[in-house]
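Chain and residue survey
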Amino acid sequence: MQFTNDRVSVYALPESQLTSDYAIDIGTRYRDASLIELPGGEAWVFDYGVMVFWGIDEDERLSLLHRLKIQSELLAGEHQEHFRFTVGAGEVKLQKDHITLSSDDPLLRLAKSHALAQSIKLNDYELRAQHTIAEYSHLPKVLAETGSIKLGRREIASIRGHLFSTKSDIFLHYNLLDTPEFFWEYPVYELAYNTAAKYLDIRPRVELLSNKLNVIHELFDMLADELKHKHSSFLEWIIIILIAFEIVMVGAEGLLSLF
């Protein structure tokens, strides 16, 4: 294939813009990816909202987005990465953001694209987990210093909902970070994927993400215990008030009986 340029551009669509029918029904399907051939290059479109362009200039990219009914503004955010590539240069590798391909084989480019797509998706999950932890990291410190969290039950329940939503959204797509099923059918290309995944530190980053999810889970459990404590305290006060009321009533009846 004659490419227009030597650029590889990777874009992640915001999850809020994805729909259940996002899966592409044009081009050639390879499991969760579709190959769309364009003048001067090609695009790999992944069902989970990542697009990898090889050698595509701006006009062709915008044309494809229009065909897929995707707003071009969605690719103008921070979730994008760019590389260079060379075809027919011997060893397959990825170094200093430069991809070297041994042949003009589209499936070889797909193998690399899988790693690139996972990396940018993983980056999104890392940011979401980190932001969530940073937003609520003060709660354990407050609990340690004062013995309780000065929040109402409704506020605590709302925070728990946010923590649960973040954790479940990431876990729902966690299998995307495993070795893609594509390599079950085409194991000969797995080495090309592994070299890219190693360069992009996908495995260590997945482990780090797992640790962050554990922190979110601990925050969730801590707030669950605090909510139970507040509920128990509330019930205790109700019992105390009822007992006090009963004592007052008995006392009042005793006074009335004296007259």
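Residues numbered from 1 in each chain as written. Predicted model: local features only at pLDDT ≥ 70, side-chain atom pairs only at ≥ 80, totals over all residues. Heavy atoms only, no water.

**Observations regarding the side chain of T100**
With respect to the helices and strands, T100 occurs in strand β8 (residues 98-101). If sequence neighbours within four positions are ignored, T100 has contacts with T86, A89, E91, V92 and K93. (Helix = DSSP H or I, 4+ residues; strand = E, 2+ residues; numbered from the N terminus. Contact = heavy atoms within 4.5 Å.)

**Focus on unusual backbone geometry**
Positive phi values are uncommon outside glycine, yet R31 reaches one of about 60 degrees. Here R31 shows up in the loop between β2 (28-30) and β3 (33-38). With a phi close to 50 degrees, K96 is a non-glycine residue in the positive phi region. In this fold, K96 is placed in the loop between β7 (93-95) and β8. Look at K96 and you get exposed, because its relative accessible area is 79%. (Buried < 20%, exposed > 50% of the residue type's maximum accessible area, 1.4 Å probe, protein only.)

**So, the packing of helix α2 (residues 106-136) against helix α6 (residues 190-199)**
Contact geometry of α2 with α6 gives a least axis separation of 8 Å together with a crossing angle of 30 degrees. By the criterion of interaxial angle, the relationship of α2 to α6 is roughly parallel. The crossing of α2 and α6 is right-handed. In contact with L108, A111, K112, H114, A115 and Q118 of α2, α6 contributes A192, Y193, T195, A196 and A197. Residue composition of the contact of α2 with α6, by class: 7 nonpolar, 3 polar and 1 charged. (Axes fitted to C-alpha atoms, helices over the stretch in contact; angles between N-to-C directions. Parallel < 35°, antiparallel > 145°, perpendicular 65-115°, else oblique. Left-handed = near helix turned anticlockwise from the far one by under 90°. Nonpolar A, V, L, I, M, F, W, Y, C, P; charged D, E, K, R; others polar.)

**Examining helix α1 (residues 58-67)**
Among all positions in α1, only R61, L64 and L65 are buried. What you see down the axis of α1 is that its buried residues fit within an arc of 100 degrees, all on one side. Among the exposed residues of α1, those oriented more than 90 degrees off its buried face are D59 and H66. Residues of α1 that are buried sit in contact with β1 (7-12), β3, β4 (41-46) and β5 (50-54). The positive-phi residue at the C-terminal boundary of α1 is K69, with phi of around 60 degrees. (Arc of directions from axis to C-beta.)

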